[in-house]
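# Observations on the three-dimensional arrangement
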Amino acid sequence: MTSELTPLEQACVALVASENWPEFRLDGLRVTRRENTGVGRYVHVADGHQQQLKDGVYETQQHAIEMIGLRLGLDFAVAVVNSRIDHLELVTAGADGWDGIEREWKVI
């Protein structure tokens, strides 16, 4: 069973895409599985458009997520495996734990 990206997840992928793949379409992305780790989350996705990308781990140069309850916020990266987006990784920027609940947040 698949689901939609949350607004937080979508914002993170959109920021990475805007810096690395300007023509990338987000409207075909669906979440296949979420794994909360205690300090972050892996969001496994499938791309209905099958857009080909160069393998690697992609981050943004200037952005992070500020969230209520996380002193140093969240960092994020998108992993591309076999030419397709494989997953989004969200991780706390400090030693803080995160229960995976998306509280009020903003991009900084």
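Now for a description of the structure that goes with this document. All figures in this text were calculated on a predicted structure; none of them were measured in a lab.

## Some details on unusual backbone geometry
Positive phi outside glycine occurs at Q50, with the angle close to 55°. Inspection of the secondary structure assignment puts Q50 in the loop between strand 2 (40-47) and strand 3 (56-58). Note on Q50: relative accessible area 46%, which makes it partly exposed. Positive phi values are uncommon outside glycine, yet N82 reaches one of about 55°. Assignment of secondary structure puts N82 in the loop between strand 5 (70-81) and strand 6 (84-92). Its relative accessible area of 63% is what places N82 among the exposed residues.

## Some thoughts on the pattern of salt bridges
Evaluation of the coordinates by the stated rule reveals nine salt bridges. As a salt-bridge pair, K106 and E66 come within 3.5 Å of each other at their nearest N and O atoms. Placement of K106 in strand 7 (residues 105-107) and of E66 in strand 4 (residues 65-67) is noted, with a sequence separation of 40 residues between them. Since its relative accessible area comes to 38%, E66 is described here as partly exposed. D96 is the partner of R71 in a salt bridge, and the nearest nitrogen-oxygen pair spans 3.6 Å. Separated by 25 residues along the polypeptide, R71 in strand 5 and D96 in the loop between strand 6 and strand 7 bring together distant segments of the chain. Overall, R71 belongs to the exposed group, its relative accessible area being 62%. When salt bridges that share partners are traced, they join E9, R34, R41 and E102 into one network.

Reading the values: the criteria
Residues numbered from 1 in each chain as written. Predicted model: local features only at pLDDT ≥ 70, side-chain atom pairs only at ≥ 80, totals over all residues. Heavy atoms only, no water. Helix = DSSP H or I, 4+ residues; strand = E, 2+ residues; numbered from the N terminus. Buried < 20%, exposed > 50% of the residue type's maximum accessible area, 1.4 Å probe, protein only. Salt bridge = Lys/Arg side-chain N within 4 Å of Asp/Glu carboxyl O.

Read these as spatial facts, not as claims about activity.
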